Amino acid sequence: MEALLRFDNVSKQYPNGVHALNGVSFTVGEGEFISVIGPSGSGKSTLLNLLMAGHSGYAGEILYDGRELSTVSTQSLYELVSLVEQNVFVFNSTLRDNITMFRDFPPQQVQRAEELSGLAPIIQEKGEGYLCGENGSGLSGGQRQRVSIARCLLRHTPVLLVDEATASLDKETAFRISSSILDLEGLTRVVVTHSLDEALLRRYDGILVLHHGRVVETGQFQELMDRKGLFYSLYTVAQ
Ligand code: ADP
Ligand code: MG
């Protein structure tokens, strides 16, 4: 499988001196879905943010389809990758406007995004004209994240990045959102997940385990369990 995304010895130091990533290397093939797991502060969000930010300073190489990220224009990057965010901004407007970001799309495309993101039930109940309220106060945390997924699906980028919410979502909602992302086909996905659920974890093509900004283990669920290392500990503690 051709590598769509490649990190080669990537390090990231923040201006305050914190080394958030130290020599991280991995590849993601086209259409693969990869999970990034690690304790708080291990560098998971930094890794995703590097993929979105383009020109921000890092050492090493980040390659998209063989092109170094720092040479990819912001516009090309925008067409290549989208990020499902934890704290997405919701406008005080209708659900439909919040999904389409006030742009025109064919109705079937909007409907598909609503279904795949899991927004169909609330739309059936309240309608596309439902007003989301100031800062999305009329939506639950899970619904806001689904709006973010629907926006990303409409943008139709080949790469989807997900920084899964922790605090704002209950376990059940987080599980359902992870499942809907796993169900999306033909998309290359990198998901920072906190849902340490065996049925979900078994569905990833690969799991990347970060600790102190380093990749300490990689593999599929069973391989990582058999190693009895950090992944095994994190998984066991979460049960
Ligand atoms: P995770 O998402 O796994 O919790 P992060 O990537 O957010 O980890 O953070 C990795 C390390 O970098 C932590 O020590 C964190 O405190 C630090 N860090 C994250 N963002 C910044 C920032 N903008 N400026 C300085 N340090 C940061
Ligand atoms: Mg984080």
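Residues numbered from 1 in each chain as written. Chains lettered and ligands numbered in written order. Predicted model: local features only at pLDDT ≥ 70, side-chain atom pairs only at ≥ 80, totals over all residues. Heavy atoms only, no water.

Undergrad: Provide a residue-level description of the overall build of the protein chain, including the pertinent values.
TA: Helices and strands together make up the secondary structure of the protein chain, namely 10 helices and 10 strands. Relative to the 2.2 N^0.38 estimate, which gives 18 Å for 239 residues, the radius of gyration of the protein chain is 18 Å and therefore close to what a compact globule would have. Dimensions along the principal axes, computed over C-alpha positions, put the protein chain at roughly 50 × 45 × 40 Å. Taking as baseline every contact in the protein chain between residues at least 6 positions apart, the subset at least 24 positions apart corresponds to 66%. Counting only carbon and sulfur atoms, one obtains 49% of the accessible surface of the protein chain, whose full area is about 11,500 Å². When the 20 basic and 28 acidic side-chain charges of the protein chain are each reduced to a single mean position, those positions are 4 Å apart. (Helix = DSSP H or I, 4+ residues; strand = E, 2+ residues; numbered from the N terminus. Rg over C-alpha atoms; globule rule 2.2 N^0.38 Å. Contact = heavy atoms within 4.5 Å. Areas by Shrake-Rupley, 256 points an atom, 1.4 Å probe, with all protein chains shown as cover. Lys, Arg positive; Asp, Glu negative; His and termini not counted. Charge placed at Lys NZ, Arg CZ, Asp CG, Glu CD.)

Undergrad: So, the sheet that holds strand 10 (residues 214–219): which residues are in play, and what are the values?
TA: Pairing is mixed in the open sheet, where 6 strands are placed in the order 6-7-8-3-9-10. Edge positions in the sheet fall to strand 6 (81–84) and strand 10, since each of these pairs with one other strand and no more. Between one strand axis and the next, the sheet turns by 20° as a mean value, whatever way the strands run. Against the sheet, helix 6 (residues 141–155) touches strand 6 and strand 7 (159–163), its axis set at about 170° to strand 6. Of the strands in this sheet, strand 3 (33–37), strand 9 (206–211) and strand 10 touch helix 10 (residues 230–238), which is tilted by about 95° from strand 9. (Pairing = 2+ DSSP bridges. Axes fitted to C-alpha atoms, helices over the stretch in contact; angles between N-to-C directions.)

Undergrad: Tell me about the site of ligand 1, residues and numbers included.
TA: Near ligand 1, the surroundings consist of Tyr14, Asn16, Val18, Ala20, Pro39, Ser40, Gly41, Ser42, Gly43, Lys44, Ser45 and Thr46. The separation between an oxygen atom of ligand 1 and a polar side-chain atom of Lys44 is 2.8 Å. Thr46 places a side-chain nitrogen or oxygen 2.5 Å from an oxygen atom of ligand 1. In isolation ligand 1 exposes 560 Å². Once the protein is present, 61% of that is buried. In terms of residue count, helix 1 (residues 44–53) provides more of the shell around ligand 1 than any other element does, 3 residues in total. (Near = heavy atom within 4 Å. Polar contact = N/O pair within 3.5 Å; in protein donor to acceptor, adjacent residues only side chain to side chain.)

Undergrad: Mind laying out the pairing of strand 4 (residues 59–64), listing which residues take part and the relevant values?
TA: Relative to strand 4, strand 1 (residues 3–13) is paired through 5 bridges, and the arrangement is antiparallel. Counted as the bridge partner of Arg6 is Leu63 from strand 4. Across 2 bridges, strand 4 lies against strand 5 (residues 67–68) in antiparallel orientation. Bridged to Tyr64 within strand 5 is Arg67. Hairpin connection from strand 4 to strand 5: 2 residues lie between these consecutive antiparallel strands, with Asp65 at a positive phi of about 55°.

Undergrad: Run through helix 7 (residues 171–183), naming residues and quoting values.
TA: End to end, helix 7 covers 18 Å across 13 residues, agreeing with the expected 18 Å (1.5 Å per residue, within 8%). Of the positions making up helix 7, those classed as buried are Thr173, Ala174, Ile177, Ser178, Ser179, Ser180, Ile181 and Leu182. (Expected span 1.5 Å × (residues − 1). Buried < 20%, exposed > 50% of the residue type's maximum accessible area, 1.4 Å probe, protein only.)

Undergrad: Break down the pattern of salt bridges for me, with residues and values.
TA: Summed over all chains, the structure comprises 3 salt bridges. Note that Arg203 is salt-bridged to Asp183, the shortest N-O span being 2.8 Å. Of this pair, Arg203 sits in the loop between helix 8 (198–201) and strand 9 while Asp183 sits in helix 7, and the two are 20 residues apart along the sequence. Here Asp183 falls in the partly exposed class, since its relative accessible area comes to 45%. (Salt bridge = Lys/Arg side-chain N within 4 Å of Asp/Glu carboxyl O.)

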